[in-house]
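Take a look at the letters that make up each chain.
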There are 2 protein chains.
Amino acid sequence: MKKLVPTIIVERLPIYLQALQNMQQNGQETTSSDELGRQVGISAAQIRKDLSQFGEFGKQGRGYGVAYLVEQLQAILQVDRVWDMALIGAGNLGRAIAHYPHFAQHGFRVALIFDNDPARIGQTMGNLVVQDIAQLDEQISQSRVQLAMLTVPAGAAQAVTDALVKAGIHAILNYAPITLVTPAGVRVQNVDPVIFLQSMTYFL
Amino acid sequence: MKKLVPTIIVERLPIYLQALQNMQQNGQETTSSDELGRQVGISAAQIRKDLSQFGEFGKQGRGYGVAYLVEQLQAILQVDRVWDMALIGAGNLGRAIAHYPHFAQHGFRVALIFDNDPARIGQTMGNLVVQDIAQLDEQISQSRVQLAMLTVPAGAAQAVTDALVKAGIHAILNYAPITLVTPAGVRVQNVDPVIFLQSMTYFL
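Residues numbered from 1 in each chain as written. Chains lettered and ligands numbered in written order. Predicted model: local features only at pLDDT ≥ 70, side-chain atom pairs only at ≥ 80, totals over all residues. Heavy atoms only, no water.

*Asks:* A description of helix α3 (residues 33-40) of chain A should follow, citing residues and the corresponding values.
*Replies:* All names here are of chain A. Within the span of α3, buried status applies to S33, L36, G37 and V40. Looking straight down α3, one finds its buried side chains confined to an arc of 100 degrees; they lie on one side. If you follow the buried residues of α3, they end up packed against α2 (13-25), β1 (30-31), α4 (44-52) and β2 (64-65). G41 occupies a position one or two residues after α3 and carries a positive phi of about 70 degrees. (Buried < 20%, exposed > 50% of the residue type's maximum accessible area, 1.4 Å probe, protein only. Helix = DSSP H or I, 4+ residues; strand = E, 2+ residues; numbered from the N terminus. Arc of directions from axis to C-beta. Contact = heavy atoms within 4.5 Å.)

*Asks:* Got a sec to walk through the confidence of the model for chain A? Specific residues and values, please.
*Replies:* When the pLDDT values of chain A are averaged, the result is 92; 99% of them are 70 or greater. For chain A, per-element mean pLDDT is lowest for helix α7 (residues 101-105) of chain A, which scores 83, and highest for strand β7 (residues 131-132) of chain A, which scores 98. (pLDDT = per-residue confidence, 0-100.)

*Asks:* I'd like a rundown of the packing of aromatic side chains, residues and numbers included.
*Replies:* If you walk through the whole model with that rule in mind, you get 7 aromatic pairs over all chains. Aromatic ring contacts, followed pair by pair, group A:F54, B:Y202 and B:F203 into a single cluster. One cation-aromatic arrangement involves B:R187 over A:F203; the distance from NZ or CZ to the ring centre is 3.5 Å. (Phe/Tyr/Trp six-rings, centres within 6.5 Å; stacked < 30°, edge-to-face > 60°. Lys NZ or Arg CZ within 6 Å of the ring centre and 35° of its normal.)

*Asks:* A description of the sheet that holds strand β7 (residues 131-132) of chain B should follow, citing residues and the corresponding values.
*Replies:* Spatial ordering of the open sheet is given by β7-β4-β3-β8-β9-β10 (chain B), a layout of 6 strands whose pairing is parallel. Of all the strands in the sheet, the pair left with one neighbour each is β7 and β10 (187-190) of chain B. (Pairing = 2+ DSSP bridges.)

*Asks:* Would you mind going over the environment of A:G61 in detail, with residue names and values included?
*Replies:* Within the secondary structure, A:G61 is located in the loop between α4 and β2. Placed 29 residues apart in sequence, A:G61 and A:S32 show a C-alpha to C-alpha distance of 9.1 Å.

In C-alpha cells form, the structure reads like this:
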C-alpha cells in the first residue's frame, strides 16, 4: 500500500531527480541538501523534509550519495522501468514530441500514435505508423499503455480524453489549450505554453 | 504601482481566461463562478476570492459577462497587447514551437530565432531567419523582446540563460531539462514534459 503523500511534494521529486541526474552525468558522487537546494531553487530544509516522507537517504554529516538517491527517487516515482505511452495528434507538435530524445532516457517510450486526419494515418513517425483514431480503444486496451499525450485541437480534446479514459488510460499530459474533465483516479498535467507565458507577463 | 498578489493566484488567472475564451468562441455570453469552476476543476469560492483581488467583475445574481471578464483578465495579465519573444534553439522542438498557432492568437509572437549550429543558421523558419547565437546580445538589446523560450540542450541552457539575462530578458519559458539559476526579477517557467510525466507515474 502506497503512503499518502501530498501531491505538491510528489511534484517536487522529479525536479530533485533531474538535478541529481545532471550531477551524476558530470561525475559527481555526493551532494548535500544545501547544494541541491541552490540548484533547484528550493530550501535545503524543504528538501530534507520532502525526502523524509519516503525514508532516510542521507548519512549524518556526509550528505547524500548521488547515484543512490537517483536510484531511490526513480523507484519512488516508479520510473525505474519503461512506460509505454500513446500520442494522440500527429501534427507539428506531436511530431516534435514523438522525436523528443529525453523520453527514452527517462523511462518513457511512445508506443502508439493516433490521428484522425486521413493524410496522416499510415504515415511513419520514427519506427511507428500513425494509426486511425477509430482504432484507439481497441489498440490501447490490448496494450500496456497507461499514459497518453494529447496534442489535438482544443475542440477535439475532451472527446478524445473520454475515449482515452474508457480505454484504460490513467494519466494524460495535455498540450491542448483546454482544461480536461476526467473522473477521479485519472491524472492530468497541463503543458499549454500560453498558460505559462501568461502567468509571467503579469509581472513584466 | 501593481498590487502585490500571490504568484499562485496569478498563475490561476490564465486558466480562467482560457476557459472563458473557449466559452466566448462557442458564443456563450454569461457564466457563473459555479460553471467556470466545474470547467477548470477549481471551486467557485476560490474563483470568486481570486477575482476579488483585482476588482468586482460580476453582477449580483447575474454572474459574469464572458466578453467583459475576458477583457479584464487580458488587461490584468497584460496580454491585451502583442509580446515579441526570442526562441533559442532551432531543433525539432524549437521548430514546432515556432509554428505553434496558439501563440499568435493569444498575443505572443516569435520575433527572433537563434541557434549555434552552422547547419541551422541562415535557414528560414516561418518568415524568420535563424540567427547566429553570437548575435543574441546585440539583436535582443536592440529589440522590444522581453520574453524568451529555451529549447537548447541541458548542458548549454545555463550559459544561454546568463546571456539572455544580460541582454535584458525578464521571463523565460524553459524546455531544457535543467533548473535555471536567474537573478531576482527574472521569472522562469519550466515545461520539461519528463518532469510532468514523472509526477504522474508515482500515482499509477
